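Structure assessment
Take a look at the letters that make up each chain.
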Amino acid sequence: MDLSLSAAELAWKEKARAFAETWLFPNELELELTGSLPRATKDRLRAAVVESGLNGINHTRAVGGQGCTQMEQTLINEELGRATGALWAVVWHPALPLRDGSPDQIRDFLTPSCLGRRRACVAITEPDAGSDTGRIVTRAERHGDRFRLYGEKWFVTTGDEADYVIVHALVDGDPDKPTLFLVDKDTPGLTIQREPKFTHTYVFGHPEFRFEGVEVGAERILGGIGQGLDLTKEWFVEARLQIAANCIGAATRAFEEASRWANRRVAFGKPIRQHQAIDFMLADMAVEIMATKSLVYRVAWGIDHGIDRKITHAHASAIKLQASEMAGRVTDKAVQILGGRGYMRENPVERLNRDVRVDRIWEGTSEIQRLIIGGQIAKRGPAIFTGWPGDNSGA
Ligand SMILES: Cc1cc2nc3c(=O)[nH]c(=O)nc-3n(C[C@H](O)[C@H](O)[C@H](O)COP(=O)(O)OP(=O)(O)OC[C@H]3O[C@@H](n4cnc5c(N)ncnc54)[C@H](O)[C@@H]3O)c2cc1C
């Protein structure tokens with residue numbers, strides 16, 4: 001078993017680290033203290049992503065992306081995940097279902113998105129439908145070969161910056177016809193109703209959209225009628241892996257900050273690291289990060305090495321659950337080790353602790369991940385999680 005990273009993988013990791021240090025960290029405080037970044041800064045960041053060759057890492061070179069393997073993407077996302085304020089989000093990953101688009105959709109949506117000329121947001125969640133997508137009611141009424149969309153979508157990340165929306169709607173209100181539509185944001189009838197504030201400071205917004213007779217042609221259907229859920233489900237694997245990688249980066253930075261502080265801070269005659277309560281917290285943090293990283297890298301490796309997609313789906317839930325909960329525990333301990341300073345917003349540890357809270361909620365809550373994992377154990381047997389690739393356990 002060779003677990004070492006290749007030269008190419010290390011090069012991507014280094015590139016992402018340099019990008020985070022040069023472009024993301026210097027903007028963290030301004031973002032935190034003012035709640036947003038000036039337009040000129042956002043534009044500079046966008047140009048820097050392209051200059052650094054980090055645009056569209058999750059798509060092939062043929063469509064304008066970088067063609068990174070899953071392992072390379074994981075290493076990149078881990079490095080970017082060290083940044084606070086979700087500044088990792090400035091490095092765009094055009095939604096994966098776009099690769100299933102028609103040649104025209106790839107030309108008009110995917111390639112410009114990879115190149116940083118367009119930006120998408122994804123609108124699935126509704127006021128009455130989150131975990132339970134069966135409760136979605138946004139409908140696309142068919143009128144000949146055109147469709148009119150009606151409904152409300154919440155928590156649309158990057159909806160303020162995007163110029164088009166990938167909308168999940170039911171054709172003619174039929175629950176058996178969940179479908180994805182590509183909708184330009186300036187289409188009449190599409191409005192932003194509200195831009196609520198959230199626990200984290202996020203470089204972009206999560207507005208609420210209203211669709212009131214928003215008209216699009218059939219050529220704006222992504223995939224086909226009725227394929228909406230399948231395309232989204234397929235995408236969850238990579239999305240959950242990305243979150244897990246971000247969480248490792250956030251936890252690692254918080255741990256490093258705490259470890260440095262434990263050497264410097266003196267209390268009751270010695271550096272606080274020499275108080276066993278602090279030393280034990282650091283030990284637990286290190287082991288948690290190590291265990292999670294081993295798990296996440298293994299799943300990324302599995303995708304690159306053709307592990308059965310059904311297994312990968314199950315494993316994606318396991319890593320999302322483990323990494324998000326681990327990041328919560330580790331960043332919380334980091335706050336504790338820094339004491340009052342750990343509670344100051346100017347301290348990255350405070351921001352990381354707040355930032356990772358949402359990782360237990362979006363892309364499937366921890367409870368939903370447990371439901372999936374439990375269901376997979378019941379269906380395929382425990383070895384899907386306890387086994388190992390190649391040991392005939394099905395893992
Ligand atoms: C900052 C942010 C950004 C987001 N970005 C996007 C986006 O870009 N696009 C998008 O479409 N959505 C987005 N979301 C929505 C996100 O995916 C949902 O919030 C999430 O799926 C949970 O849905 P909900 O909020 O409706 O909670 P609910 O589904 O109402 O769940 C409430 C609680 O009940 C629990 N629960 C629900 N069902 C079960 C069950 N069967 N068993 C046990 N417990 C259960 C949940 O785990 C949770 O604890 C975002 C959310 C946030 C907070």
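Residues numbered from 1 in each chain as written. Predicted model: local features only at pLDDT ≥ 70, side-chain atom pairs only at ≥ 80, totals over all residues. Heavy atoms only, no water.

This part is about the domain arrangement of the protein chain. Domain parsing of the protein chain yields domain 1 (7-94), domain 2 (120-222) and domain 3 (229-386). Distance between the C-alpha centres of domain 1 and domain 3: 20 Å. Each partner contributes to the interface: domain 1 provides 19 residues, whereas domain 3 provides 26 residues. Carbon and sulfur atoms supply 53% of the area buried between domain 1 and domain 3, which totals about 2000 Å² over both sides. Across the domain 1-domain 3 interface, the total number found is 6 salt bridges. Linking Glu32 and Arg345 is a salt bridge whose minimum nitrogen-to-oxygen distance equals 3.2 Å. Between the two partners, domain 1 and domain 3, sit 14 residue pairs in polar contact (both at pLDDT 80 or more). (Domains from an automatic or database assignment. Contact = heavy atoms within 4.5 Å. Buried area = accessible area lost by both parts, 1.4 Å probe. Salt bridge = Lys/Arg side-chain N within 4 Å of Asp/Glu carboxyl O. Polar contact = N/O pair within 3.5 Å; in protein donor to acceptor, adjacent residues only side chain to side chain.)

It is worth spelling out the pattern of salt bridges at this point. Considering all chains together, one arrives at 34 salt bridges under this definition. Between Glu256 and Arg82 there is a salt bridge; the shortest N-O distance is 2.6 Å. Here Glu256 is found in helix α5 (residues 228-264), whereas its partner Arg82 is found in the loop between α3 (70-80) and α4 (103-114), with 174 residues between them in sequence. Residue classification places Arg82 among the buried positions, given a relative accessible area of 10%. Between Arg194 and Glu208 there is a salt bridge whose closest N-O contact spans 2.9 Å. Taken as a pair, Arg194 in strand β6 (residues 190-194) and Glu208 in strand β7 (residues 208-217) lie far apart in primary sequence, 14 residues in all. The structure contains a network of salt bridges with shared partners spanning Lys13, Arg17, Glu21, Glu78, Glu79 and Lys293. (Helix = DSSP H or I, 4+ residues; strand = E, 2+ residues; numbered from the N terminus. Buried < 20%, exposed > 50% of the residue type's maximum accessible area, 1.4 Å probe, protein only.)

Before going further, it helps to examine the UniProt feature "domain: Acyl-CoA dehydrogenase/oxidase N-terminal" (unreviewed entry) in the protein chain. As annotated in UniProt, the feature "domain: Acyl-CoA dehydrogenase/oxidase N-terminal" (unreviewed entry) corresponds to residues 9-114 in the numbering used here. In this annotation, residues 9-114 is assigned 58% helix and 0% strand; the end-to-end C-alpha distance for the span is 21 Å. (UniProt positions renumbered as here; feature names shortened; annotations may be inferred.)

Moving on, we come to the site of the ligand. As a matter of local geometry, the ligand sits amid 19 residues, with Thr125, Ser131, Phe155, Thr365 and Glu367 nearest to it. Between an oxygen atom of the ligand and a main-chain N or O atom of Ile124, the distance comes to 2.8 Å. Contact distances for the ligand include 2.6 Å between an oxygen atom and a side-chain N or O atom of Ser131. Protein contact buries 63% of the 980 Å² of open area that the ligand shows by itself. Elements supplying a minimum of two residues to the shell around the ligand: β1 (120-123) and α9 (366-380). Per-element tally for the shell around the ligand: the top contributor is α9, with 3 residues. Of the residues that constitute the shell around the ligand, the class distribution is 10 nonpolar, 7 polar and 2 charged. Here the shell around the ligand spans two domains, and each of domain 2 (120-222) and domain 3 (229-386) adds at least three residues to it. (Near = heavy atom within 4 Å. Areas by Shrake-Rupley, 256 points an atom, 1.4 Å probe, with all protein chains shown as cover. Nonpolar A, V, L, I, M, F, W, Y, C, P; charged D, E, K, R; others polar.)

As for its position among the elements, Thr84 is in the loop between α3 and α4. Those residues in contact with Thr84, other than ones at most four positions away along the chain, are Glu28, Arg253, Pro348, Arg351, Leu352 and Asp355.

This part is about the packing of helix α7 (residues 309-338) against α9. Axis angle and axis distance: for two packed helices, these are the angle between their axes and the distance between the axes, and together they describe the pair. Contact pair α7 / α9: the axes reach a minimum separation of 9 Å and the direction vectors enclose 140°. Relative to α9, the element α7 lies oblique. As for the relative orientation of α7 and α9, their crossing is left-handed in sense. Of the residues in α9, those in contact with Lys310, Ala314, Ser317, Ala318, Lys320, Leu321, Ser324 and Glu325 of α7 are Ser366, Gln369, Arg370, Ile372, Ile373, Gln376 and Arg380. Across the contact of α7 with α9, the residue classes break down as 5 nonpolar, 5 polar and 5 charged. (Axes fitted to C-alpha atoms, helices over the stretch in contact; angles between N-to-C directions. Parallel < 35°, antiparallel > 145°, perpendicular 65-115°, else oblique. Left-handed = near helix turned anticlockwise from the far one by under 90°.)

Despite not being glycine, Ala86 has its phi angle at roughly 55°, a positive value. The topology assignment puts Ala86 in the loop between α3 and α4. Its identity is not glycine, yet Phe268 carries a phi of approximately 55°, on the positive side. Here Phe268 is to be found in the loop between β9 (266-267) and β10 (270-271).

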